[in-house]
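Listed below, chain by chain, are the residues.
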Amino acid sequence: MTLGETIHRLRTEKNLSQSELADALEVSRQSISKWETDSSVPELDKLIRLAAIFDVSMDQLILGRQPESVPQPEQPVPRDAGPEKKPDRSGFRTVGIILFCFAGLIILLLALLTGSLLGGLILSSPFLLCGLICVFCRRNAGLWCGWTLFFLVNLYLRYGTGITWRLVLMTPWFEPQMNYLRLIFGWIELLGFLLLLLVTVWRLGRRPLAPTRGRCVLTVLGWTALLLFDLLLNPILSTRMGGLYYLLGDWVHFALLNGLLVITVRLIRGRGNKTDDAS
């Protein structure tokens, strides 16, 4: 049995896909495929990690030897032992239910005290939206809750107080009569966006992406289109559409910037893994 056949057999026995094994080894899925077809051979450090993941010795991994079976004494099965249940590690579903309870309490109190059901829905919207994310989102629920709260705060500051992150651009010319508190909130909003941006890239950019020519070209075109839009179309649309454009334009820019950064980081990681495999 070749090394590639042994890796394929052990991976199948562990019920691991090629992508899952690639993530565990921090390589690309194409590398796993090449190993299993004997097109390339893993490096020594990768062999050591493979042996640890498959829980086998190096001899069993490289030479394909089957472990000697040792008879195990039969263990009595308790009568009340049921099927093993997978624990809920995240606990986000419980958090979502708690947020729904808070939202319902706010709606009920405002309906009883002021008779305004709409006001209760507006004030409870952060709890409702984050609760929905915690209940139905399986991955990165905390990250999406953070973005939801950021956009809600951004919406309130923009239309409730007129504060936006663009005030930061006026920092050198800001005067006391313009209220420094507004400038501080503008900086807080910008720093909050940058923090969420870093967390998003860190969480979503960890999995390598094979740097094919088509993906690289599309990524470059995306960055070019975003830059040209800011330089050419942004002044025209901001003059004609006014405040609505600044709201929608900022949100679209945030989404595009996040997406392009995540894809770029994944392509860079995929290129790094490809270089390591080639060496």
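Nothing here was measured: the structure is a model prediction, and the numbers come from that model.

A. Structural detail: helix α1 (residues 3–13). Looking only at α1, the buried set comprises Leu3, Gly4, Thr6, Ile7, Arg9, Leu10 and Arg11. Residues of α1 that are buried in the fold lie against α2 (18–25), α3 (29–36), α4 (44–54) and α5 (58–63). Note on α1: the residue one or two positions beyond its end, Asn15, has a positive phi of about 55°.

B. Representation of the state of the cysteines within the structure. All chains considered together, the criterion is met by 0 disulfides. Cysteine Cys130 is unpaired, with the sulfur of Cys145 as its nearest cysteine sulfur at 4.0 Å.

C. View of the packing of aromatic side chains. The tally for this structure, following the rule as stated, stands at 7 aromatic pairs. Here the aromatic rings of Trp147 and Phe151 are separated by 5.7 Å at their centres, their planes lie at 25°, and the arrangement is stacked. Of the two residues, Trp147 and Phe151 are both situated in helix α8 (residues 141–161); the distance of 4 residues between them amounts to about one turn of the helix. By relative accessible area, which is 23% here, Phe151 ends up partly exposed. Joined through ring pairs, the aromatic side chains of Trp147, Phe150, Phe151 and Phe193 make up one cluster. The positively charged end of Arg206 is found above the aromatic ring belonging to Trp202, 5.4 Å away from the centroid.

D. Highlighting the packing of α8 against helix α9 (residues 180–204). Following both chains from N to C, one finds α8 and α9 inclined at 160°, their axes separated by 11 Å at the closest point. When the axes of α8 and α9 are compared, the pair comes out roughly antiparallel. Classified by chirality, the crossing of α9 by α8 is left-handed. For the pair α8 and α9, the contacting residues are Leu143, Trp144, Gly146, Trp147, Phe150, Asn154, Leu157 and Thr161 in the first and Arg182, Glu189, Gly192, Phe193, Leu196, Leu197, Val199, Thr200, Arg203 and Leu204 in the second.

E. Quick peek at the environment of Leu3. With respect to the element layout, Leu3 can be found in helix α1. The class of Leu3 is buried, set by a relative accessible area of 16%. Counting along the chain gives 32 residues from Leu3 to Trp35, while the straight-line C-alpha distance between them is 7.8 Å. Not counting residues within four places of it along the chain, the set of residues in contact with Leu3 comprises Asp38, Val41, Pro42, Leu47, Leu61 and Ile62.

F. Looking closely at the confidence of the model for the protein. The predicted model of the protein has a mean per-residue pLDDT of 78, with 82% of residues at 70 or higher. By mean pLDDT, α5 is the weakest element of the protein at 74, and α9 is the strongest at 89. Below a pLDDT of 50 lies the segment residues 80–85, which in the model reaches 0 contacts outside its immediate sequence neighbourhood of four places, other chains included.

Quick notes on the rules
Residues numbered from 1 in each chain as written. Predicted model: local features only at pLDDT ≥ 70, side-chain atom pairs only at ≥ 80, totals over all residues. Heavy atoms only, no water. Buried < 20%, exposed > 50% of the residue type's maximum accessible area, 1.4 Å probe, protein only. Helix = DSSP H or I, 4+ residues; strand = E, 2+ residues; numbered from the N terminus. Contact = heavy atoms within 4.5 Å. Disulfide = S-S within 2.5 Å. Phe/Tyr/Trp six-rings, centres within 6.5 Å; stacked < 30°, edge-to-face > 60°. Lys NZ or Arg CZ within 6 Å of the ring centre and 35° of its normal. Axes fitted to C-alpha atoms, helices over the stretch in contact; angles between N-to-C directions. Parallel < 35°, antiparallel > 145°, perpendicular 65-115°, else oblique. Left-handed = near helix turned anticlockwise from the far one by under 90°. pLDDT = per-residue confidence, 0-100.

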